Amino acid sequence: MFKGKKILLCVTGSIAAYKAVILLRLLIKNEAEVKVIMTHAAKDFVSPLTFSTLSKNKILSDLFDEETWANHVLLGRWADVIIVSPASCNTIAKMANGICDNLLLAVYLSASSPVLLAPAMDEDMWNHAATRNNLQILQKNGCQILPVNEGELASGLTGKGRMAEPEEIVWYLNNFFNSKTALKGKKALVTAGPTYEAIDPVRFIGNHSSGKMGVALAKELSRRGAEVHLILGPSAITVPAGVSSTRVVSAYEMFEATFTYFNQADIIVMAAAVADYMPEKSAKEKIKKGDKRLILGLTGTKDILAKAGELKTHNQILVGFALETENGKENAIEKMHRKKADLIVLNSLKDAGAGFGYSTNKISIFEKNGAEHSFEKKSKEEVAVDIVNTIIDYKNE
């Protein structure tokens, strides 16, 4: 499974360090070449001899000792992937804030290879605002955070914070290595962000969409090997590296840009929050304040998703989004069939931490074949992984 892969396993001070022994054994069994870094705190839980015996490599702990110097730069470049398992609350905090007081942190700060974290801590620590902020910083910096499990904790309590099981991590790593080729040779088109419909040169009709979800999807599709073109409405978000883009403002501009690239796309993801209405007339000059009432006549914009549904071929996958406030499932499924989409992603404004402006989202995905998938609230980066996984599974059916 991992033949030819070089994995740097970093073990921190946590009772879950014993699981890292099992993980190492599974990695070696699957023909990976593994080097192990242990923090000094990790040695209080598991003997370095255990890791060195299984890995057949010397355990690395210090930047230097009396005889040698550990080249942290070369270590970070040697690995195909660095996995911190378990990742303690303390190490997560240090990584997020750029602290460099041990070999593990020095390697992380100089690494050019991808970094995966398998957190392990008590539920109160996991839910603390400081930990949540640190994890968000690490995700923004490119780290991938493996989900924690729920169950009995070292404190004796039951809750979230258990490190992912070694078998789960191996499964995740297998997907990670294969993900770069899952969509190789495919072209994806993603729309994201709001549209602004001009009332006059100063004012507009718009919405609170930040574009975060669509941009995260473009980045994830690109990571899976697809050639991605992103059509982005007014947003301050930076377009991910490796993703081509077209910037638009209005629904009309988004419509035109979408169907410029539509025929070349294998996967079309309509994540933009396109305005449903625009002013019948847009004033060429700023409307001066006069009467207390200003009456605007509105007319419908072009329905991009419906047009895409009419034009799509059987070789294309069309994904729509539905933001609902009531009867979410029923409205989303009805929209999917009415607009001839293959999948539709539902999120509700009634779910805390979901919808416009948040860094998190809570979604359900419905397929036209009747399949349903529900997910817990996650960061939008993690939600993008769930959506792309579903697209790939649907494509392979």
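Up top you'll find the structure we're talking about.
Here we summarise the structure given alongside this text.

Quick notes on the rules
Residues numbered from 1 in each chain as written. Predicted model: local features only at pLDDT ≥ 70, side-chain atom pairs only at ≥ 80, totals over all residues. Heavy atoms only, no water. Helix = DSSP H or I, 4+ residues; strand = E, 2+ residues; numbered from the N terminus. Expected span 1.5 Å × (residues − 1). Buried < 20%, exposed > 50% of the residue type's maximum accessible area, 1.4 Å probe, protein only. Arc of directions from axis to C-beta. Contact = heavy atoms within 4.5 Å. Salt bridge = Lys/Arg side-chain N within 4 Å of Asp/Glu carboxyl O. 1 Å grid on protein atoms, 1.4 Å probe; cavity = no way out; pocket = protein on both sides within 12 Å on 5 of 7 lines; lining within 4 Å. Points joined across faces, edges and corners; volume = space filled by probe spheres on them. Nonpolar A, V, L, I, M, F, W, Y, C, P; charged D, E, K, R; others polar. Polar contact = N/O pair within 3.5 Å; in protein donor to acceptor, adjacent residues only side chain to side chain. Phe/Tyr/Trp six-rings, centres within 6.5 Å; stacked < 30°, edge-to-face > 60°. Lys NZ or Arg CZ within 6 Å of the ring centre and 35° of its normal. Pairing = 2+ DSSP bridges. Axes fitted to C-alpha atoms, helices over the stretch in contact; angles between N-to-C directions.

Regarding helix 9 (residues 212-223)
Since there are 3.6 residues in each turn of an α-helix, residues three or four apart along the chain are aligned in direction. Taking 1.5 Å of rise per residue, the 12 residues of helix 9 would be expected to cover 16 Å, and the 16 Å separating its terminal C-alpha atoms lies within 8% of that figure. Those residues of helix 9 not exposed but buried are Met213, Gly214, Val215, Ala216, Leu217, Ala218, Glu220 and Leu221. Phi turns positive one or two residues past the end of helix 9, at Gly225, with a value near 110°.

Overview of helix 12 (residues 328-338)
Listing the buried residues of helix 12 in full gives Gly328, Ala332, Lys335 and Met336. Buried residues of helix 12, viewed axially, fall in a sector of 100°; they line one side. Those residues of helix 12 that are buried lie in contact with helix 11 (304-311), strand 16 (317-324), strand 17 (343-348) and strand 19 (364-367). Within two residues after helix 12, Lys340 carries a phi angle of roughly 60°, on the positive side.

Considerations on the pattern of salt bridges
Within this structure, the stated rule accounts for 13 salt bridges. A salt bridge links Glu165 to Arg162; the nearest nitrogen and oxygen atoms lie 3.4 Å apart. Residue Arg162 is classed as partly exposed on the basis of its relative accessible area of 26%. For Glu220, the salt bridge is made with Arg224, and the minimal N-O distance between the two is 2.6 Å. Using a relative accessible area of 7% as the deciding quantity, one classes Glu220 as buried. By relative accessible area, which is 6% here, Arg224 ends up buried. What emerges from the salt-bridge pattern is a single network uniting Lys19, Arg162 and Glu165.

Observations concerning the layout of surface pockets
Approximately 870 Å³ is the volume found for the second largest pocket. Elements with a contribution of two residues or more to the lining of the second largest pocket: strand 8 (187-192), helix 9, helix 10 (251-261), helix 11 and strand 16. Counting residues per element, the lining of the second largest pocket draws most heavily on strand 16, which supplies 4 residues. Partitioned by chemical class, the residues of the lining of the second largest pocket number 15 nonpolar, 13 polar and 8 charged.

Overview of the environment of His314
Its place among the elements puts His314 in the loop between helix 11 and strand 16. On the accessibility criterion, His314 (73% relative accessible area) is exposed. Taking C-alpha positions, His314 is 9.8 Å from Asp266, a pair spaced 48 residues apart along the chain. In this structure the side chain of His314 is engaged in a polar contact, spanning 3.2 Å, whose partner is the side chain of Asn315.

Some thoughts on the packing of aromatic side chains
Taken as a whole and judged by the stated rule, the model has 5 aromatic pairs. Between Phe255 and Phe259, the ring centres sit 4.9 Å apart and the planes meet at 55°, which makes this aromatic pair tilted. One end of the pair, Phe255, and the other, Phe259, are both in helix 10, 4 residues apart, so they sit about a helical turn from each other. Taking the relative accessible area as the measure of exposure, Phe255 reaches 12% and is therefore buried. Three or more aromatic residues link up through ring pairs in this structure, and these residues are Phe2, Phe176 and Phe177. In this structure, Arg132 packs its charged tip against the face of Trp126, placed 4.4 Å from the ring centre. When the ring centre of Phe255 is taken as reference, the NZ or CZ atom of Lys302 above it lies at 4.6 Å.

Overview of the environment of Lys281
Along the chain, Lys281 falls in the loop between strand 14 (277-279) and strand 15 (298-300). Through-space distance from the C-alpha of Lys281 to that of Asp200 is 8.8 Å; in sequence the pair is 81 residues apart.

Some details on the sheet that holds strand 1 (residues 6-11)
Strand order across the open sheet formed by 5 strands is 2-1-3-4-5, with parallel pairing between neighbours. Each edge of the open sheet carries a strand with a single partner, namely strand 2 (33-38) and strand 5 (144-145). As judged from the 6 bridges shared by strand 1 and strand 2, these two strands associate in the parallel manner. Counted as the bridge partner of Lys6 is Glu33 from strand 2. Set on the sheet, helix 1 (residues 17-29) makes contact with strand 1, strand 2 and strand 3 (81-87); between it and strand 1 the angle comes to about 170°.

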